[in-house]
Amino acid sequence: MFQLLNSVDGTLSLSNKLTFYAFPTKTSEFLHPKSSPYLVNKTAKRWRFRGVRLSLRGGSEAADHVKSSNKFKANCCDEGEMEPFPHVQTLRKFPKEELVGKVVMVRFDSTNLLREEEQDQSSQSVSSAVFTIKYLHEAGAKIILVSDWRKKTNSQLHDAETVADMISSVIQHRVVTIKCDYSAVLLKMEVLKKADIFLLENLSECKEEVANNSKFAELLSLGVDIFVNDSFSQSHKILASTVGIARFCSACIAGFHFEESLCQLKKVARTNKRPYVAIIGGGNLYDKAAALHFLVSRCDGVVFVGMMSFQIMHALGLSVPSYLVEPGAYKAALDIIQIAHDRNIPILHPMDFWCMNEHLPEKMGIFPSHNILDGWLPVDLGPRSLNELNSLLVKCKKILWIGPVKFKFSGQCADGASKLAQALNELRQRNCDITVVGNMACQAMVMESKCVLVNDMIENASVLWEFFKGRKLPGVMALDRAYPFGIDWKSAYCNPAQPLVVDIGSGSGLFLLGMARRRKDLNFLGLEINSKLVRRCMDSVHQYGIQNGYFIVTNATTTFRSIVSSYPGELVLVSIQCPNPDFNNPEHRWRMLQRSLIKAVVDLLALDGKIFLQSDIEAVALRMKELFLKNGKGKLNLWNDQYHARMNLGEWLEENPFGVMSDWEQHVIDRGDPMYRLMLSKSSGIE
């Protein structure tokens, strides 16, 4: 190691206080109220909601949270622990020059691009989806569009040709249809010369899509260089076109619509504005229990306005008609109420309902929530419930509305959703942070407002429910990792101005940790896709007090440039050691050593900087050398070391020039097998 670094010394040496009554044993019997810490008002008032008396009392200081129950602590995340999403590579951050001449497959959301309503075609969600396609086209990429569509989205959707014509009209570019198995021979048959944008057949007709069939996913990827997922509404599903295909493409990134939706989902989880109240519609409380636990653990109040409200009332001991009780939901509702009680936050349900006469549907009446008479069916929120709900919401700084204000027998007469939408639109104009989730809720907001921002709406509620349940979204996890934020190099290194050494695929970190101990005048960075290995490496960094070593979880193939380009010092050495040979099989489009990575390394490497390559498989080492020399812009040459035999083609460095081995290299040497090593050096070259 000292021999190598000394030989290139010129380079390397360098509110209202809203009280909550615990659930009663009888309808008219309530325990002493406990105060919520965020809903505070200086004006004393009293009001009722859900048949339980609540008081708004004065005071300028918020009460402290009461310690949570053991069950709450076991099931709910703390604010600091809430980071369910990885930082993914996005089209916005992807080098535009890397798109030129590439075949890019875009998985788009048919509910955005293929809507029947004319007014929806001008929405911002449609605009961002269209912008993804236009951006790729302007960058010089060949685009293959793929999605599933059904007539319920648009009654005019009959075949792929019709869909292609519709997309052509929206994006103002010609779209040509192709068969799924046709993409495998696009390049050979020169089909790409016919157009720039192609549309594959309807995926809803392919059973392999839902099954995430590996062979089908590979078939989709043949001829494709880069995969762009712009269908966030499908991110909670495991599909061949969103998850399976990611194994076979050199880069997998998020489109503009996907990125916007992901940012919106992250925004919902933040509790940066208080009071934060969640309005919960819809049904199936038992299936959504884990998600409701999450919401109750984050919000300052939860209001049930749909079918789930009857399950809450049933658990509170109120009288609920048997046909409105969800089987198996009683215990889950009790748990939700208990968590809310432990956190001293209100959990509320409607006070009254509009009901329809079972035998005379045109006859309507208003009934208290705990006293719906036989022969009457609830269809909408009552006026008192809406008034009290509005009184609560006006105190809030952040509101989430998820799920429809709809009951089992609701019809055209129900207008609770529109009145709620009107109230939320007024609050949004007063700078209240509003998020609306679900098709029905979003439609109500659009109808009641002339300007609804896409950042305020998430149309697919299923994605959000899965997120709230604490599950990782497969469509998000399949994308490449990225670092769109600035890395704090001052926190990573004691002296961030020192020259940098990067090990791509650092594994267990034995090589870098050993190097960092020997050379305090250099900084060492490990890029590794395995998060468990990175955690172990960072534990070692902290345990041994290493101040010039750092490790990052990432797919360096697509993030090397974005990470290293922000480093304040010079990049003087890059090493790639013993990559998995499967990643270097020419038949696999997802191999690690791609042209984009090589170009990034060459561009960022300092003059006279070095690239160290080694493998225990000669074919892999040869292929790495050939790829670097071929794509190195004429700036790379084989390096000659005075302590080793002169290296010509077909000859390798006999010894490790650093004196520090990786764990796999040590294993290979111990078993008596050879290592194939070489060093490249960067010169000024000729562009």
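In the annotation of an unreviewed UniProt entry, the entry for the protein chain reads Phosphoglycerate kinase, and the organism field reads Populus euphratica. UniProt, in its Subunit (unreviewed entry) section for the protein chain, records the words "Monomer." Comment text from UniProt for the protein chain, heading Sequence similarities (unreviewed entry), reads "Belongs to the phosphoglycerate kinase family."

**Quick look at the overall build of the protein chain**
Across its full length, the protein chain carries 24 helices and 26 strands. In the protein chain, which comprises 687 residues, the share counted as buried stands at 58%. Approximately 29700 Å² of the protein chain is accessible, and the part contributed by carbon and sulfur atoms is 50%.

**Quick notes on a positive patch on the surface**
On the surface, K472, K532, R535 and R536 cluster together into a patch of positive charge. Within the secondary structure, R536 sits in helix α20 (residues 531-543). Its relative accessible area of 55% is what places R536 among the exposed residues.

**Quick look at the pattern of salt bridges**
Enumeration according to the criterion identifies 17 salt bridges in this entry. Notably, a salt bridge pairs R92 with E259, separated by 3.0 Å at the nearest N-O pair. Of this pair, R92 sits in the loop between α3 (70-75) and β5 (103-108) while E259 sits in helix α9 (residues 256-269); the two residues are 167 residues apart in sequence, bridging distant segments of the chain. When its relative accessible area of 45% is taken as the criterion, R92 is described as partly exposed. According to the relative accessible area criterion, E259 is buried, its value standing at 15%. In this structure, D521 and R519 form a salt bridge, with 2.5 Å as the shortest nitrogen-oxygen distance. Using a relative accessible area of 24% as the deciding quantity, one classes D521 as partly exposed.

**Quick word on the nonpolar core**
The biggest cluster of nonpolar side chains holds 111 residues, and the ones touching the most others in it are I280, L295, L400, W401, W465 and F468. For L295, the residues in contact, after removing those within four places along its chain, are A278, I280, V302, L400, W465 and F468. Residues I563, Y567, L597 and M624 belong to the second largest nonpolar core, which totals 37 residues.

**Brief notes about the packing of helix α14 (residues 416-429) against helix α15 (residues 439-448)**
Close contact between α14 and α15 brings their axes to 8 Å; oriented N to C, the two are set at 65 degrees. Crossing of α14 over α15 shows right-handed handedness. The segment α14 lies against α15, with A417, S418, A421, Q422, L424 and N425 engaging A444, M445 and E448. Residue composition of the contact of α14 with α15, by class: five nonpolar, three polar and one charged.

**Brief notes about the packing of helix α11 (residues 308-315) against helix α12 (residues 330-343)**
Direction vectors running N to C along α11 and α12 enclose 80 degrees, while the axes themselves pass 9 Å from each other. One way to sum up the angle between α11 and α12 is to call them roughly perpendicular. Counted together, Q311, I312, H314 and A315 of α11 and Y330, A333, L334 and I337 of α12 form the full contact between these two elements. Within the contact of α11 with α12, the residues separate by chemical class into six nonpolar, two polar and no charged.

**Considering the packing of aromatic side chains**
Per the counting criterion, the structure on display carries 19 aromatic pairs. Judged by centre distance (5.7 Å) and plane angle (70 degrees), the ring pair of F310 and F407 falls under edge-to-face. Of this pair, F310 sits in helix α11 while F407 is found in the loop between β17 (398-402) and α14, placing the two residues 97 residues apart along the sequence. Accessibility expressed as a relative area gives 0% for F310, which makes it buried. Where W489 meets Y493, the ring centres are 6.1 Å apart and the plane angle is 5 degrees; that geometry is what we call stacked. Comparing W489 with Y493, the two get one shared label, buried.

**Points about a nonpolar patch on the surface**
Together, W354, M364 and I366 make up an exposed nonpolar region whose accessible area comes to about 240 Å². Topologically, W354 is positioned in strand β14 (residues 352-357).

Calculation rules
- Residues numbered from 1 in each chain as written.
- Predicted model: local features only at pLDDT ≥ 70, side-chain atom pairs only at ≥ 80, totals over all residues.
- Heavy atoms only, no water.
- UniProt positions renumbered as here; feature names shortened; annotations may be inferred.
- Helix = DSSP H or I, 4+ residues; strand = E, 2+ residues; numbered from the N terminus.
- Buried < 20%, exposed > 50% of the residue type's maximum accessible area, 1.4 Å probe, protein only.
- Areas by Shrake-Rupley, 256 points an atom, 1.4 Å probe, with all protein chains shown as cover.
- Patch = residues over 30% accessible without salt bridge, like charges linked within 9 Å, V, L, I, M, F, W, Y side chains within 5 Å.
- Salt bridge = Lys/Arg side-chain N within 4 Å of Asp/Glu carboxyl O.
- Lys, Arg positive; Asp, Glu negative; His and termini not counted.
- Charge placed at Lys NZ, Arg CZ, Asp CG, Glu CD.
- Core = buried A, V, L, I, M, F, W, Y, C linked by side-chain atoms within 4.5 Å.
- Contact = heavy atoms within 4.5 Å.
- Axes fitted to C-alpha atoms, helices over the stretch in contact; angles between N-to-C directions.
- Left-handed = near helix turned anticlockwise from the far one by under 90°.
- Nonpolar A, V, L, I, M, F, W, Y, C, P; charged D, E, K, R; others polar.
- Parallel < 35°, antiparallel > 145°, perpendicular 65-115°, else oblique.
- Phe/Tyr/Trp six-rings, centres within 6.5 Å; stacked < 30°, edge-to-face > 60°.

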